[in-house]
Amino acid sequence: MKEIGFNHLGEAFLNLPAARLVEHALARKEGILTGSGALRAQTGQRTGRSPRDKFIVEDARYLEEIWWGDVNQPFAVERFEKLRDRVAAYLQNRSVYVFDGFAGADPAYRLPVRIVTEYAWHNLFSRQLFLRPTRRELETHSPEFVVLSVPGFRADPAVDGTRSSTFVLLSFERKLVLIGGTEYAGEIKKSIFTVMNFLMPFRGVVPMHCSANVGSDDSVALFFGLSGTGKTTLSADPERRLVGDDEHGWSDSGIFNFEGGCYAKCISLNRKKEPQIWDAIRFGAVLENVVVDEEERVSDFNSDSITENTRAAYPIDHIPQAIVSGVAGHPSTILFLTADAFGVLPPISRLSTEQAMYHFISGYTSKLAGTETGVTEPEATFSACFGAPFLPLHPLRYARMLGERIERCDVEVFLVNTGWTGGPYGTGKRIELNHTRAMVSAALQGRLRNARFTPHPVFQVGVPGRCPDVPDQVLDPKSTWTSAESYDAKAAELAGLFQRNIANFEGIDPAILEAGPATP
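Structural notes, computed from the coordinates. Keep in mind that what you see is a predicted model, and the values were worked out from it rather than measured.

### Examining the overall build of the protein
Moving on, step 1. A tally of regular secondary structure across the protein gives 14 helices and 30 strands.
Moving on, step 2. By the compact-globule yardstick of 24 Å for 520 residues, the protein fits well, its C-alpha radius of gyration being 22 Å.
Moving on, step 3. Structurally, the protein occupies a C-alpha span of about 70 × 55 × 45 Å along its principal axes.
Moving on, step 4. For the protein, the residues scored as buried account for 61% of the 520 residues in total.
Moving on, step 5. Across the protein, 54 positive and 63 negative side-chain charges occur, with their mean positions spaced 2 Å apart.

What follows is the structure, given as structure tokens:
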């Protein structure tokens, strides 16, 4: 185990297949088998990411490159070395599970990774989420980045310099991620996404927090948005072929998936509304924090008694007709998904290039309950590039790259609100999924190109007067409120938040700034 910087004297289980990892997890009482065949595990106190406990090591070589601040908190090299040694001592004579695979489906850009986990189910999660190598590829596999996940090791802030007993530490110099004090498997996945977000721009690739699918005419669509906004649900379309549900790169040749699986939020999962995701939850899949009847072993997807951030992880080939190669052409349509807790954004609107750049830099949405530790109800937030927690470089670097691609490929861009209508959270209601699906389908099929678009008086985006299979009233957010004055006040409030947020970024083109919301 020299790749992780120490000699491990315990038993190391290398690249076990899914069935054997399930057997190990059950034998070690890490989870239970559900009636669908999926393995259910619980993550204890941490049921979401812990962004305040994530740090980047102050490697001298990369000091000038990192976007330091609340997202990328610095961690001293010396403290990292000492903590790594303490983790190594903890693992002596303990069993570990090792998965060797890749991030990045395009062979020209893929990153060989090694995931070392204390838990068997974490290794199953990794095996299903990352790209699985062939036997021949395993023979020559040489990891360029290693993730070491040890939930049983808890840091001592007084000794280790962490904020709490939980830590996610990333060193680009040592090509190592240390994760401890949390059983939430999403930290493993997102740590490698952060790595790809750092490496890819230097190779001319735009890393993107988005899902992607392809139509019967080979048209490619991208769905940007934070967790809970509908990336996985809307991209898992029976009429289109899925490329990936969360992380992609956009090169000169087209797009490619960073992963080999899907990580779907499954609270209120319904077989009728989301048949592909429902059917994907079978043997080999991992359920996180889903309530399961201990006797009947039936999953209760409607229960949030553990957390609202219930998850399902499964390989992409569990989705019918998915593009298993993970590679596709250039996109013709981009959709920015936002769950607007204010309830004032139109359910769908068309964006000019300048407006697209404004909303990409802003990354407005609402953090949904359970997605992060401590979030118990939706909170309005701005997350640059719809993925600020995973951006090691300055957001404008990613934004400029995306803007150039949009112009070069003549991409049509829409803003889709999957959040509230008829009032803010607590008063209004979530926009119906069947209406959102109809609007997205119309955008992807070009059925909105001849629609009459009217600039919104506050947000300036183009609002269609008609959309197939959607009531006209739904398209106009103001008409769904009982009080026009209350709508205007709440819209002005959100516009002000947009303006205050965008002021944090220097060097933005004036034309982009003018394309944003305007307060009365």
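### Description of the sheet that holds strand S8 (residues 145-150)
Moving on, step 1. Strand order in this open sheet of eight strands is S1-S6-S7-S8-S10-S9-S4-S5, and the pairing throughout is mixed. Of all strands in the sheet, those bounded by a partner on one side alone are strand S1 (12-14) and strand S5 (73-75). On average, each strand axis in the sheet is inclined to that of its neighbour by 25 degrees, with strand direction left out of account.
Moving on, step 2. As defined by bridge partners, strand S4 (residues 54-57) adjoins S5 across three bridges and the pair is classed as parallel. Bridge pairing in S5 links Phe 55 to Gln 73.

### What to know about the packing of aromatic side chains
Moving on, step 1. Taken as a whole and assessed by the stated rule, the structure comprises 28 aromatic pairs.
Moving on, step 2. Ring geometry for Phe 336 and Phe 386: centres 5.1 Å apart, planes at 35 degrees, overall tilted. Placement of Phe 336 in strand S22 (residues 331-338) and of Phe 386 in the loop between strand S25 (379-382) and helix H10 (395-409) is noted, with a sequence separation of 50 residues between them. Note on accessibility: Phe 336 and Phe 386 belong to one class, buried.
Moving on, step 3. Plain terms: the ring middles of Phe 360 and Phe 386 are 6.5 Å apart, the flat faces sit at 50 degrees to each other, and that makes the pair tilted. You can see Phe 360 sitting in helix H9 (residues 353-362) and its partner Phe 386 sitting in the loop between S25 and H10, a full 26 residues away along the chain. Summarising the burial analysis for this pair, Phe 360 and Phe 386 share the class buried.
Moving on, step 4. Members of the aromatic cluster, each reached through a chain of ring pairs, are Tyr 62, Phe 145, Phe 172, Phe 198 and Phe 202.
Moving on, step 5. Directly above the aromatic system of Phe 102 lies the positively charged group of Arg 110, at a separation of 3.9 Å from the ring centroid.

### Considering the pairing of strand S14 (residues 247-251)
Moving on, step 1. A large share of S14 lies buried, amounting to five of its five residues.
Moving on, step 2. Burial along S14 is two-sided: the residues Glu 247, Gly 249 and Ser 251 and His 248 and Trp 250 are all buried.
Moving on, step 3. The pairing of strand S11 (residues 206-214) with S14 spans four bridges and is antiparallel. Bridge pairing links His 209 to Glu 247 in S14.
Moving on, step 4. Pairing geometry for S14 and strand S15 (residues 254-257), over four bridges, is antiparallel. Directly across from Trp 250, in S15, lies its bridge partner Ile 255.
Moving on, step 5. Remark: two residues form the turn of the hairpin made by S14 and S15, two consecutive strands paired antiparallel.

### Regarding the packing of H9 against helix H13 (residues 484-502)
Moving on, step 1. The contact between H9 and H13 brings their axes to 10 Å, and the two run at 80 degrees. Put simply, H9 runs roughly perpendicular to H13. Across from Tyr 358, His 359, Ile 361 and Ser 362 in H9, the residues of H13 making contact are Phe 498, Gln 499, Asn 501 and Ile 502.
Moving on, step 2. Across the contact of H9 with H13, the residue classes break down as four nonpolar, four polar and no charged.

### Observations regarding a negative patch on the surface
Moving on, step 1. Where like charges cluster on the molecular surface, the negative patch consists of Glu 354, Glu 407, Asp 410, Asp 509 and Glu 514.
Moving on, step 2. By the secondary structure assignment, Asp 509 is in the loop between H13 and helix H14 (510-514).
Moving on, step 3. By relative accessible area, which is 43% here, Asp 509 ends up partly exposed.

### Remarks on the nonpolar core
One broad trend across soluble globular proteins is that nonpolar side chains are buried collectively.
Moving on, step 1. With 85 residues, the main nonpolar core has Phe 224, Phe 336 and Phe 459 as its most contacted residues.
Moving on, step 2. Dropping the residues within four chain positions of it, Phe 336 is found in contact with Phe 224, Leu 351, Ala 356, His 359, Phe 360, Phe 386, Val 413, Phe 414, Leu 415 and Val 416.

### Remarks on the sheet that holds strand S3 (residues 39-41)
Moving on, step 1. The strand order across the open sheet built from five strands is S2-S3-S17-S20-S16, with neighbouring strands paired in mixed fashion. Unpaired on one side and paired on the other, strand S2 (31-33) and strand S16 (261-265) mark the two borders of the sheet. Within this sheet the neighbouring strands show an average axis-to-axis angle of 20 degrees, counted without direction.

### Here's the deal with the environment of Ile 267
Moving on, step 1. Summarising the element assignment, Ile 267 is placed in the loop between S16 and helix H8 (275-280).
Moving on, step 2. Overall, the relative accessible area of 21% leaves Ile 267 in the partly exposed class.
Moving on, step 3. Along the backbone, Ile 267 and Val 290 are 23 residues apart, and their C-alpha atoms lie at a distance of 8.2 Å.
Moving on, step 4. In this view, Ile 267 contacts Phe 301, Asn 302, Ser 303, Asp 304, Glu 308 and Thr 310; residues no more than four positions away in its chain are not counted.

### Digging into the side chain of Thr 182
Moving on, step 1. Structurally, Thr 182 is set in the loop between strand S10 (176-180) and helix H6 (186-199).
Moving on, step 2. Separated by 3.2 Å, the side chain of Thr 182 and the backbone nitrogen of Tyr 184 make a polar contact.

### A look at the environment of Ala 60
Moving on, step 1. Mapping Ala 60 onto the fold places it in the loop between S4 and S5.
Moving on, step 2. Remark: the alpha-carbon pair of Ala 60 and Glu 173, spanning 113 residues in sequence, is separated by 8.5 Å.

What counts and how
- Residues numbered from 1 in each chain as written.
- Predicted model: local features only at pLDDT ≥ 70, side-chain atom pairs only at ≥ 80, totals over all residues.
- Heavy atoms only, no water.
- Helix = DSSP H or I, 4+ residues; strand = E, 2+ residues; numbered from the N terminus.
- Rg over C-alpha atoms; globule rule 2.2 N^0.38 Å.
- Buried < 20%, exposed > 50% of the residue type's maximum accessible area, 1.4 Å probe, protein only.
- Lys, Arg positive; Asp, Glu negative; His and termini not counted.
- Charge placed at Lys NZ, Arg CZ, Asp CG, Glu CD.
- Pairing = 2+ DSSP bridges.
- Axes fitted to C-alpha atoms, helices over the stretch in contact; angles between N-to-C directions.
- Phe/Tyr/Trp six-rings, centres within 6.5 Å; stacked < 30°, edge-to-face > 60°.
- Lys NZ or Arg CZ within 6 Å of the ring centre and 35° of its normal.
- Parallel < 35°, antiparallel > 145°, perpendicular 65-115°, else oblique.
- Contact = heavy atoms within 4.5 Å.
- Nonpolar A, V, L, I, M, F, W, Y, C, P; charged D, E, K, R; others polar.
- Patch = residues over 30% accessible without salt bridge, like charges linked within 9 Å, V, L, I, M, F, W, Y side chains within 5 Å.
- Areas by Shrake-Rupley, 256 points an atom, 1.4 Å probe, with all protein chains shown as cover.
- Salt bridge = Lys/Arg side-chain N within 4 Å of Asp/Glu carboxyl O.
- Core = buried A, V, L, I, M, F, W, Y, C linked by side-chain atoms within 4.5 Å.
- Polar contact = N/O pair within 3.5 Å; in protein donor to acceptor, adjacent residues only side chain to side chain.

Take it as geometry only, folks, not as evidence of what the structure does.
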